[in-house]
Every structure is written in structure tokens, then in C-alpha cells.
Amino acid sequence: MLTDMSKHRPGALETASAAEPSTRRNHDAPDTAVLFTRLAELQEGPERDAVRDELVAAWLPMAHRIASRFRDRGESIEDLRQVAALGLVKAVDRFDPSRGAFESYAVPTITGEVKRHFRDRMWALRVPRRVQELRNRVRVARRELAQNPGAPEPTVEDVATHTGLTEEEVRAGMEALESFSTLSLDAELSTGDDGYNLADTLGAADAAFDVVVDREAAKEGLRRLPERERAILYLRFFEGMTQSRIADRFGISQMHVSRLISRSCARVRDEALAERPGSGRRSA
């Protein structure tokens, strides 16, 4: 975890410049031009790592300040500070001292890192980046259209005209506005003795429907069976008779009854499957 090293290293900032006023040690925009120039001149190694750590420690208060701007968006401040600190490290590593002031480069880099964290990590369900971008554009457009006192709630057409998006894209963005977080199935939807949760409102597949479908699919195949085989299946599966009793009734062996049952079931099953759409098979 990155920490504010300047709090534990009293002499960390004095090395930046012998003439630096002591009143700027805890300022979140310190004068570190000398350190950045030195960092750019050093080769990889312990000395460069030490200067890099010193720069990160010096600018860490600024990173924390930027993180605090996002503290009311559902993420803990400690996590936001870690994300901002990561953005600060990236800014220190990529900064070119000859291109201007570090603060001008670091602020958008750190801010972008925090926004990226919200975009990629804070959704309860993974949402395509395109939809996330639509959400942001729709959110900004609705705020801009409704900023005038007494302005009506922007319609889909209003937002589409304002943003240049299609109405379908606006609807997708509006749906995403309501989908940043998920609702637990255990969430209570009512209070009192008759309270129920979200899971109680969800339907479930009824296994009886499968039985109905299978029964209807097997009807024609059963009708085409010889009469004796239909009778054997009826006695076995609807009357619950054993194969021995069926064999005694028809004057045949139990083994013969077993073979007839197996053959009849296989025939009905094959014909039912052959008649299903998309099965690629034809009934005989």
C-alpha cells in the first residue's frame, strides 16, 4: 500500500532545494523541479528509485485531494486514495520535465485513473465500454438540458438531438443509468408480518410442462404400436404391473416382455425425436 512517505521522512523534501521555504513542505503542489530534472538524468538503480519515491511522497497529498472529489460515489476513500496514488506513480514515471509543470500533467492523469476505476471496477455486472460511454453522455446531456430553472424533464428525443445520438442509443444509456448497481435477491420489498423479498417474486420453471411436451410428442408413436405392445406398456407404466405378471397374462416369458418394452420405448422415442423441428431426422 502506498503511504504518505513525507510524514515519516522529515528530510525528504529538503533535498529538493536548499532554498525551498519550510512553509511549503505539506503543500500539495510542492516545488520539485530539481528532483524531476535529477530523475530524468539518473539510470535505473537504487538512487533513481529513491528519488522517484521522494517525488511520489511529495505529491501524494495532491493525489489524496483529487481522490476526495469522488468520495460520495459509493467507493471508500481509502480505495480511492490507492487508485489516485497509482495514477500519481504513472504520472511521475511518464513526466518529461522539459514539457512544463508537473501539476498540469499529473492532475488529468490522476483524475483519469480514478474515473477509469469507476468505469471498469465499480459496475456490479460487467457492462460493455460502449454502453458505459453512452451512459456518461446521456447523464451529462440530461444535466445540461435540465439546468435551467423550471425546465421540464428531457425526453429521449431531446437528449438525442442534444448529443447527436440515435434514440435507441439514448435509451441504452438511460437504462445503464439505472444499472450501476444490482439489487440482492434477499432485498426486502415490503415490511410487516407479510414481508417478502425480491426472490419471492421470481418465477421458476415448472417441470410439469416438460411432462406435457413429452406426452404429446409420444402420442402418435404409441398409436402406431401393435395392440399387444400398447397393452404391455399400459399395464407396466400405468397399472404398475410387474413384468412377471404381464408375462403370465400374455402367456410369454418375462424376458420376452422385457424385450418388447425396451423395443417399444425405443421406437416411440426415436419417432418423437424425429418429428421435432430442427432435428434433421424424418419419421418413418
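Quick notes on the rules
Residues numbered from 1 in each chain as written. Predicted model: local features only at pLDDT ≥ 70, side-chain atom pairs only at ≥ 80, totals over all residues. Heavy atoms only, no water. Helix = DSSP H or I, 4+ residues; strand = E, 2+ residues; numbered from the N terminus. Contact = heavy atoms within 4.5 Å. Areas by Shrake-Rupley, 256 points an atom, 1.4 Å probe, with all protein chains shown as cover. Core = buried A, V, L, I, M, F, W, Y, C linked by side-chain atoms within 4.5 Å. Buried < 20%, exposed > 50% of the residue type's maximum accessible area, 1.4 Å probe, protein only. Phe/Tyr/Trp six-rings, centres within 6.5 Å; stacked < 30°, edge-to-face > 60°. Lys NZ or Arg CZ within 6 Å of the ring centre and 35° of its normal. pLDDT = per-residue confidence, 0-100. Salt bridge = Lys/Arg side-chain N within 4 Å of Asp/Glu carboxyl O.

Draft legend 1. Representation of the overall build of the chain within the structure. Counting its regular elements, the chain contains 11 helices and zero strands. Starting at the N terminus and walking to the C terminus, you meet the elements of the chain as α-α-α-α-α-α-α-α-α-α-α. Considering only contacts in the chain between residues 6 or more positions apart, those separated by 24 or more positions represent 51%. Here the chain has roughly 18700 Å² of accessible surface; of this, 50% comes from carbon and sulfur atoms.

Draft legend 2. Up close: the nonpolar core. Grouped together as the largest cluster of nonpolar side chains are 29 residues, with contacts concentrated most on Phe36, Trp59, Leu88, Val92, Phe102 and Ile110. Only α1 (33-41), α2 (46-68), α3 (77-94) and α4 (102-121) provide two or more residues apiece to this core. Among residues more than four places away in sequence, those in contact with Leu88 are Val56, Trp59, Leu60, Ala63, Phe102 and Ile110. One finds Ala218, Leu225, Met241 and Ala247 within the second-largest nonpolar core, a separate group that totals 13 residues.

Draft legend 3. Region of interest: the packing of aromatic side chains. Tallied over the entire structure, the rule returns six aromatic pairs. Ring centres 5.5 Å apart and planes at 15° place the aromatic pair Tyr234 and Phe238 in the stacked group. An aromatic cluster is defined as three or more aromatic residues linked by ring pairs; in this entry it consists of Phe36, Trp59, Phe95, Phe102 and Tyr105. Over the ring of Phe237 we find Arg236, and its NZ or CZ is 6.0 Å from the ring centre.

Draft legend 4. Local environment of the confidence of the model for the chain. Per-residue confidence for the chain gives a mean pLDDT of 80; residues scoring 70 or more make up 78%. Mean pLDDT values over the elements of the chain span from 83, in helix α5 (residues 129-145), up to 93, in helix α10 (residues 243-250). Low pLDDT, under 50, characterises residues 3-26; the predicted model gives this stretch 24 contacts beyond four residues in sequence or across chains. This model gives residues 279-284 a pLDDT under 50, and the stretch forms eight contacts once residues within four places in sequence are excluded.

Draft legend 5. Representation of the pattern of salt bridges within the structure. Summed over all chains, the structure comprises 13 salt bridges. Note that Glu113 and Lys90 form a salt bridge whose closest N and O atoms lie 3.2 Å from each other. Remark: Lys90 occurs in helix α3 and Glu113 occurs in helix α4; sequence separation between them is 23 residues. One salt bridge connects Arg267 with Glu271, and the closest N-O pair in it is separated by 3.3 Å. Of this pair, Arg267 and Glu271 both sit in helix α11 (residues 254-274), separated by four residues, roughly a single helical turn.

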